[in-house]
Amino acid sequence: QVQLVESGGGLVQAGGSLRLSCAASGSILSVKAMGWYRQAPEKQRELVAVTTNSGGTNYADSVKGRFTISRDNAKDTVYLQMNSLKPEDTAVYYCNANVFALYVGIKDYWGRGTQVTVSS
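Residues numbered from 1 in each chain as written. Predicted model: local features only at pLDDT ≥ 70, side-chain atom pairs only at ≥ 80, totals over all residues. Heavy atoms only, no water.

> Is there a simple way to explain the overall build of the protein chain in this structure?
A count of helical and extended segments in the protein chain gives zero helices and eleven strands. When the helices and strands of the protein chain are read in sequence order from the N terminus, they spell out β-β-β-β-β-β-β-β-β-β-β. On C-alpha atoms alone, the protein chain measures out to a radius of gyration of 14 Å, which is about the 14 Å that the 2.2 N^0.38 rule sets for 120 residues. Here the contacts in the protein chain between residues at least 6 apart in sequence split such that 55% fall between residues at least 24 apart. (Helix = DSSP H or I, 4+ residues; strand = E, 2+ residues; numbered from the N terminus. Rg over C-alpha atoms; globule rule 2.2 N^0.38 Å. Contact = heavy atoms within 4.5 Å.)

This is how it looks when you write it as structure tokens:
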């Protein structure tokens, strides 16, 4: 089994910063892409940022220049540094990882989510 555990959410004022972390653990042989998605109330889940194990990154247009995704391959951990936060960034943020796991093969896994609330 593979687990993703997120941390770092919370309440912040507009213009502030937060840093999310997500650590993968379990019977992991290798972690491919890791990323962050978010879901606001009554909206569909959307991609925020993703990074490959070779260092490539991709961002949603709405967060470019404000958010930075990074990862520590040795720790199977992905981070999301969020600066200049806006009220519209308020959502539950979910970690996603494409993992090659023992006896399972390659599969997508999700964390339980962490709430980010930006007040105006």
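> How do you make sense of the state of the cysteines when you look at a structure like this?
What is meant by a disulfide is a covalent connection between two cysteines, made through their sulfur atoms. In this structure the tally under the stated criterion is one disulfide. Disulfide partner of Cys-22: Cys-95, at an S-S distance of 2.1 Å. Here the S-S torsion is close to -80°, and the disulfide linking Cys-22 with Cys-95 is therefore left-handed. Here the residue Cys-22 occupies a position in strand S3 (residues 18-26), and Cys-95 occupies one in strand S9 (residues 91-101), the gap between them amounting to 73 residues. The burial state of Cys-22 is the same as that of Cys-95; both residues are buried. (Disulfide = S-S within 2.5 Å. Buried < 20%, exposed > 50% of the residue type's maximum accessible area, 1.4 Å probe, protein only.)

> What's the story with the nonpolar core in this structure? I'm lost.
Nonpolar side chains in soluble globular proteins tend to end up buried together. Judged by nonpolar contacts, the single largest core of 31 residues is most densely connected at Trp-36, Val-48, Phe-67, Leu-80, Met-82, Tyr-93 and Val-99. Looking at this core, the elements that each hand over two or more residues are strand S1 (2-7), S3, strand S4 (28-39), strand S5 (46-51), strand S7 (67-72), strand S8 (77-82), S9 and strand S11 (114-119). Top contributing element to this core by residue count: S9, with six residues. Those residues in contact with Met-82, other than ones at most four positions away along the chain, are Gly-16, Ser-17, Leu-18, Leu-20, Arg-66, Phe-67, Tyr-93 and Val-116. (Core = buried A, V, L, I, M, F, W, Y, C linked by side-chain atoms within 4.5 Å.)

> Help me understand the sheet that holds S3 in this model?
Each strand in a sheet pairs with its neighbour through backbone hydrogen bonds, running either in the same direction (parallel) or in the opposite one (antiparallel). Ordered by their spatial adjacency, four strands build an open sheet running S1-S3-S8-S7, and the pairing between neighbours is antiparallel. Across the chains shown, the open sheet's two edge strands, defined by having one partner strand only, are S1 and S7. Pairwise comparison of adjacent strand axes, ignoring direction, gives a mean angle of 15° for this sheet. Where S7 and S8 come together, six bridges link them in antiparallel fashion. Looking at S8, one finds that Ile-69 is bridged to Leu-80. (Pairing = 2+ DSSP bridges. Axes fitted to C-alpha atoms, helices over the stretch in contact; angles between N-to-C directions.)

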